[in-house]
Every structure is written in C-alpha cells, then in structure tokens.
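One-letter residues, chain by chain:
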Amino acid sequence: MGYYDHSQSPVEFAYNNNGKNMRAINWNDIKDEKDLEVWNRVTQNFWLPEKIPVSNDISSWNQLSDDWQQLITRTFTGLTLLDTTQSSVGDVAQIKNSQTDIEQAIYANFAFMVAVHARSYGTIFSTLCTSEQIEEAHEWVVNNDALQARAKAVIPYYTGNDPLKSKVAAAIMPGFLLYGGFYLPFYLAARGKLPNTADIIRLILRDKVIHNYYSGYKYQLAVKKLAPAKQAEMKKFVFDFLDKLIDLEKKYLHELYDDFDLVDDAIHFS
C-alpha cells in the first residue's frame, strides 16, 4: 500500500517527527503473522486477580509461623518491584522500538498485563497480611541492595539508545529474573499450603512465557539482519549480561532463602 511510504505510526511521529503524517493501525494489514498469533493468545488469556479465591488460603496462612509469613510477603513484594519496573519502563520502552504497528499494540498490552501481575501481589497482601506486614515488606524492598541491584541492572538497557539490547533486557526479565521468587509459592503449594495463591502465580507464569517468547522472537528477527560481526557482538552481550544477572540472582536468593534451607533448590529452579 503506497500510502504507508508517506506516513508513520503515532509512536514514530512522537519520537521521530520527520514531517510525515500519521497513520492509524491497520489490523487488516498483517506484516508479521506472529503478531496476530501472540495478540490472540494474550487477549484470550486475560485474567484478573479478583477472580481467584485467595481468601480460601487464610486458614493455611494462619498456620504459618511469623518467619514464613515474612518470607512470603518479602518474596512477593520483591516480585512486585520487578513487575513494576517491567510494566512502567521495560515494556513501554519496546513500543517505540517495534518493527510493526501491531507489535506496538502488543507491548502496550504486555505493559498492562504486567501491571495486573503487580496488582495481583497486592490482592494477596490485602487478603492475607496485616498492614504492618505489608509496610515492613515494602520498606525491606527499598533497602535491600541485592534486590535493588537486580532491578537496576536492566534499566539502562530499557532506556538506552540500542533497541536490540533493550529487547534482550525485555526478554530476560520475564524469562529469568522472576523465577527465584516463583519458586516459593510452588514449594508451598506442593505441601498443601496457599494453593490459591499458587494459582495466581501459575497465571502470571503463563503470561511471562509468552512475553519472553515474543521478545526473544522479535530480537532474533532483528539480529538476522545484522552483519556476522555484529551478530557475534550481540551474542557476547547476551551471555555476558545473563552471567551478570545470574550472579546477582544467586546473591539475592541466598539473602532471601538461606535461613529456610531453600536456596539451592530455588537457584536450580531459577
């Protein structure tokens, strides 16, 4: 369609106004079939935490010691920080780097759903925890250097001027950094504790798999267009960045789980 040659998406206009007029997104002009496939999947998977009967876990919660309750609350608040980072910075940053108009819409959807994930932990807290427990956990997050280092490590790539490195960070957050925290609710559910809370984590994990896959797919499409030397440079960046994050993750999981004899299994799971 020739008019596309003389137009740009509103996102392109906003970030790189070069005098062209803006076009509307055309859902009947699919440039990449994977876009439509992923859009359909994420919209079909839509859910809200209010639909999960977390209140059924109150009896199980009350049977846990104060130390275990604190561990759970801190773990989920740490996950909330990562999802807040991803929804408000990471996925939003991908919109302006999108290769198609529909990809822009998909990352807007991702940002919303990750905000739902962050909201989900708040639903768990408001159902199970006291105000004092919630405040303690949020204060702990702000002052925990190991946790802060993990979240801060991805920010420069989200906000930097290299779309490929931004996409790598967008893939690694849902594909790696959250899993150490996911380990705990699954560990508890396997022992008959907080099963409804674990159901929320399963729904979150289902979304994360799609988010990770899609960002990785879009990264691969872009990398294929590069010269071999640049491809090798990006491959080195990915592995170096992941190695750095693995070290940060191990440090955090030791700090979180050492006193509960869970750290080795959590690291293996992650």
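Structure first, text after, so check above.
Residues numbered from 1 in each chain as written. Predicted model: local features only at pLDDT ≥ 70, side-chain atom pairs only at ≥ 80, totals over all residues. Heavy atoms only, no water.

**Section: the environment of Tyr 219**
By the secondary structure assignment, Tyr 219 is in helix α10 (residues 195-223). A relative accessible area of 14% places Tyr 219 in the buried class. A C-alpha to C-alpha distance of 14 Å links Tyr 219 and Gly 175, two positions 44 residues apart in sequence. If we skip the residues at most four places from it in the chain, Tyr 219 touches Leu 164, Lys 167, Val 168, Met 234, Lys 235 and Val 238. (Helix = DSSP H or I, 4+ residues; strand = E, 2+ residues; numbered from the N terminus. Buried < 20%, exposed > 50% of the residue type's maximum accessible area, 1.4 Å probe, protein only. Contact = heavy atoms within 4.5 Å.)

**What about helix α6 (residues 131-143)?**
Over its 13 residues, α6 extends 19 Å from the first C-alpha to the last, a length consistent with the 18 Å expected when each residue adds 1.5 Å. The complete set of buried residues in α6 reads Gln 133, Ile 134, Ala 137, Trp 140 and Val 141. Each buried residue of α6 sits inside an arc of 125° when the element is viewed along its axis, so together they form one side. Facing away from the buried surface of α6 by more than 90 degrees, the exposed residues are Ser 131, Glu 132, Glu 135, Glu 139, Val 142 and Asn 143. Buried residues in α6 make contact with α3 (58-62), α4 (66-96), α5 (101-128), α7 (145-159) and α11 (228-257). (Expected span 1.5 Å × (residues − 1). Arc of directions from axis to C-beta.)

**Some words on the side chain of Ser 215**
On the secondary structure map, Ser 215 appears in helix α10. Dropping the residues within four chain positions of it, Ser 215 is found in contact with Tyr 107, Lys 167, Ala 170 and Ala 171.

**Structural notes on the nonpolar core**
Membership of the largest hydrophobic core comes to 63 residues, with the highest contact counts inside it found for Ile 72, Phe 76, Tyr 121, Phe 182, Phe 241, Leu 245 and Tyr 257. With nine residues, α11 is the largest single contributor of residues to this core. Apart from the residues lying within four places of it in its own chain, the contact partners of Phe 241 are Ala 153, Val 154, Tyr 157, Val 168, Ala 169 and Ile 172. (Core = buried A, V, L, I, M, F, W, Y, C linked by side-chain atoms within 4.5 Å.)

**A word on empty space enclosed by the protein**
One pass over the full model with this rule turns up two cavities of 30 Å³ or more. Here the largest cavity defines a volume of roughly 50 Å³. As for the largest cavity, its lining consists of Thr 75, Gly 78, Leu 79, Leu 82, Arg 150, Leu 177, Gly 180, Gly 181, Glu 249, Tyr 252, Leu 253 and Leu 256. Among the elements of the structure, α4, α9 (179-189) and α11 are those that each provide at least two residues to the lining of the largest cavity. Across the lining of the largest cavity, the residue classes tally to six nonpolar, four polar and two charged. Of the pockets and cavities examined, the second largest cavity occupies roughly 30 Å³. In terms of lining residues, the second largest cavity is bounded by Ile 72, Phe 76, Leu 184, Pro 185, Leu 188, Leu 194 and Thr 197. Elements supplying a minimum of two residues to the lining of the second largest cavity: α4 and α9. By residue number, the principal contributor to the lining of the second largest cavity is α9, which donates three residues. Partitioning the lining of the second largest cavity into residue classes produces six nonpolar, one polar and no charged. (1 Å grid on protein atoms, 1.4 Å probe; cavity = no way out; pocket = protein on both sides within 12 Å on 5 of 7 lines; lining within 4 Å. Points joined across faces, edges and corners; volume = space filled by probe spheres on them. Nonpolar A, V, L, I, M, F, W, Y, C, P; charged D, E, K, R; others polar.)

**Brief notes about the packing of aromatic side chains**
Applying the stated criterion to the full structure yields 19 aromatic pairs. A ring pair is formed by Tyr 107 and Phe 110, whose centres lie 5.3 Å apart and whose planes are at 75°; its orientation type is edge-to-face. Taken together, the positions of Tyr 107 and Phe 110, both in helix α5 and three residues apart, correspond to about one turn of that helix. For Tyr 107, a relative accessible area of 0% translates into the label buried. In this structure an aromatic cluster arises from ring pairing among Trp 68, Tyr 179, Phe 182, Tyr 183, Phe 186, Tyr 187, Tyr 257, Phe 260 and Phe 269. The ring centre of Tyr 15 lies 5.9 Å from the NZ or CZ of Lys 96, which sits over that ring. The ring of Phe 237 is capped by Lys 165, whose NZ or CZ atom sits 4.9 Å from the centre of that ring. (Phe/Tyr/Trp six-rings, centres within 6.5 Å; stacked < 30°, edge-to-face > 60°. Lys NZ or Arg CZ within 6 Å of the ring centre and 35° of its normal.)

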